[in-house]
Amino acid sequence: MSPSTAALARAPRPGQAAATGSYHALSRQVRDAGLLGRTKAFYITLVVVLGLLLGGLATGSVLLGDSWFQLLVAAGLGIVLTQVAFVAHEASHRQVFTSGPANDRLGRILANGVVGISHSWWMSKHSRHHANPNHVGKDPDIAPDTIVFLPQDAARRGRVKAALTRVQGWAFFPLLTLEGLNLHVTSVRSLLKDERGRTRTLELAMIAARLGAYVALVMWFLPVGTAFGFLGVQLAVFGVYMGASFAPNHKGMAVIPEGSRLDFLSKQVLTSRNVVGGTWMSMLMGGLNYQIEHHLFPSMPRPHLARARRLVRAHCAEHGVPYTETTLMRSYVIVVRYLNDVGLAARDPFDCPMVQRFRSV
């Protein structure tokens, strides 16, 4: 984090009240432009198209029979399921329907019944992220896991994990091949830890039915080797696609120190990064390429984000708030470099501190 950003995050700025007020002015502009209105036709069309693609992949798999070309079907399935997950994400933000319960039903059907991950777990985790992006101690997306995002967490790694952490930037994308499996496992584990209730029971039943039926059909229809290859490719593509779509948004952007306070506009804009590319990039990333606008207006439907970007960019320029956007490939370079820089804090446990002292002289 740059010194100017660190100073900004440590204490309220003299013009913080004005910046907060400026967000209200921006919000009025966005509302007056009709950008918070629902776009049901877009989402209905999208869901129908995704349903047809799923049906087409199933038909293609049946026609192929015992063939290693089934792995291409598996890759296609991983891509389509990621697109379905994008719509579930948008439903969780109330972007699809005006009614909250209608969005919840759609999100639950798509997340639990089609993708196979817990809607309630995702809602809880993602809502905390949106409230405090890149805020130490508050954003679950920068909590230490296999990958660590903060130097202080890297410095506390044990011997085995430290070896991975020191090269975690280069390992990031290969590790994403396991993210699809991790999402399924984490969803089930989180639900099992939750208090008993109707929602928990419903989600567990839907996920069990979805995952059980899917694995059973693949194992029944394909030879064992091909079946395992199919499942592995589908999960790998799903994990890489999901991770590669969410990673560019915040990694390598400003990190807000624990206990700091920022106005809403600065907190959301300084910690987020847009990816340029227009309509095609929006289709590829499910609208996540407009991350700044998504964080400022989480309930804004995907088709309106491009128009909102013009308003937000002009507003940030007027009020001196840095607005970051870059290409997709450049964002990946930034993410890898940032993770490797963080990983430098993971000292080799076999290094002698005295030797390190003389090395630094």
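Everything below is about the structure printed above this text.
Since the model is a prediction, treat every value here as computed from it, not as a measurement.

1. Considerations on the layout of surface pockets
Part 1: Considering only enclosed or pocket space, the largest pocket measures out at about 1100 Å³ in volume.
Part 2: Along the wall of the largest pocket there are 33 residues; nearest its centre are K125, D141, D145, E179 and N182.
Part 3: Put simply, the parts of the chain that give the lining of the largest pocket at least two residues each are α6 (119-131), α9 (168-175), α10 (179-193) and α12 (224-246).
Part 4: Among the elements that line the lining of the largest pocket, the one with the most residues is α6, at seven residues.
Part 5: Taken as a whole, the second largest pocket spans an internal volume of roughly 460 Å³.
Part 6: A58, L77, Y214, L217 and V218 are, among the 19 residues lining the second largest pocket, the residues nearest its centre.
Part 7: Among the elements of the structure, α3 (40-64), α4 (70-92), α5 (100-115) and α11 (198-221) are those that each provide at least two residues to the lining of the second largest pocket.
Part 8: At seven residues, the largest contribution of residues to the lining of the second largest pocket is made by α11.
Part 9: Class assignment of the residues belonging to the lining of the second largest pocket gives a composition of 16 nonpolar, two polar and one charged.

2. Some points on the pattern of salt bridges
Part 1: Summed over the entire model, instances satisfying the criterion amount to seven salt bridges.
Part 2: Between E203 and R108 there is a salt bridge, and its shortest N-O distance comes to 3.9 Å. Of the two residues, E203 sits in helix α11 while R108 sits in helix α5, which places them 95 residues apart along the sequence.
Part 3: Across the salt bridge formed by E325 and R313, the nearest N and O atoms sit 3.3 Å from each other. Separated by twelve residues along the polypeptide, E325 in strand β2 (residues 325-326) and R313 in helix α16 (residues 305-319) bring together distant segments of the chain.
Part 4: For R313, a relative accessible area of 39% puts it in the partly exposed group.
Part 5: Among the charged side chains, a salt-bridge network with shared partners connects R309, R313 and E325.

Definitions and cut-offs
- Position numbers for residues count from 1 along each chain, tracking the sequence in the order it is written.
- Restriction of local features to residues with pLDDT of at least 70 applies here, the model being predicted, together with a cutoff of 80 or more for giving and counting side-chain atom pairs; totals for whole chains, interfaces and linings are based on all residues.
- Where side-chain values are given, they derive from all heavy atoms of the structure, hydrogens and water being excluded.
- The pocket and cavity definitions rest on a 1 Å grid over protein atoms only: a 1.4 Å probe that fits but cannot leave marks a cavity, an open set with protein on both sides within 12 Å along at least five of seven lines marks a pocket, and residues lining either have an atom within 4 Å of a point.
- Grid points are joined across faces, edges and corners, and a volume is the space filled by probe spheres set on the points.
- A run of H or I in DSSP counts as a helix once it spans at least four residues, and a run of E counts as a strand once it spans at least two, with each numbered from the N terminus.
- When residue character is reported, Ala, Val, Leu, Ile, Met, Phe, Trp, Tyr, Cys and Pro are called nonpolar, Asp, Glu, Lys and Arg charged, and the others, Gly included, polar.
- Every case where a carboxyl oxygen of Asp or Glu lies within 4 Å of a side-chain nitrogen of Lys or Arg is listed as a salt bridge.
- A 1.4 Å probe rolled over the protein chains alone gives each residue an accessible area, and that area as a share of the maximum for its type sets the label: buried under 20%, exposed over 50%, partly exposed in between.

By themselves these figures say nothing about function.
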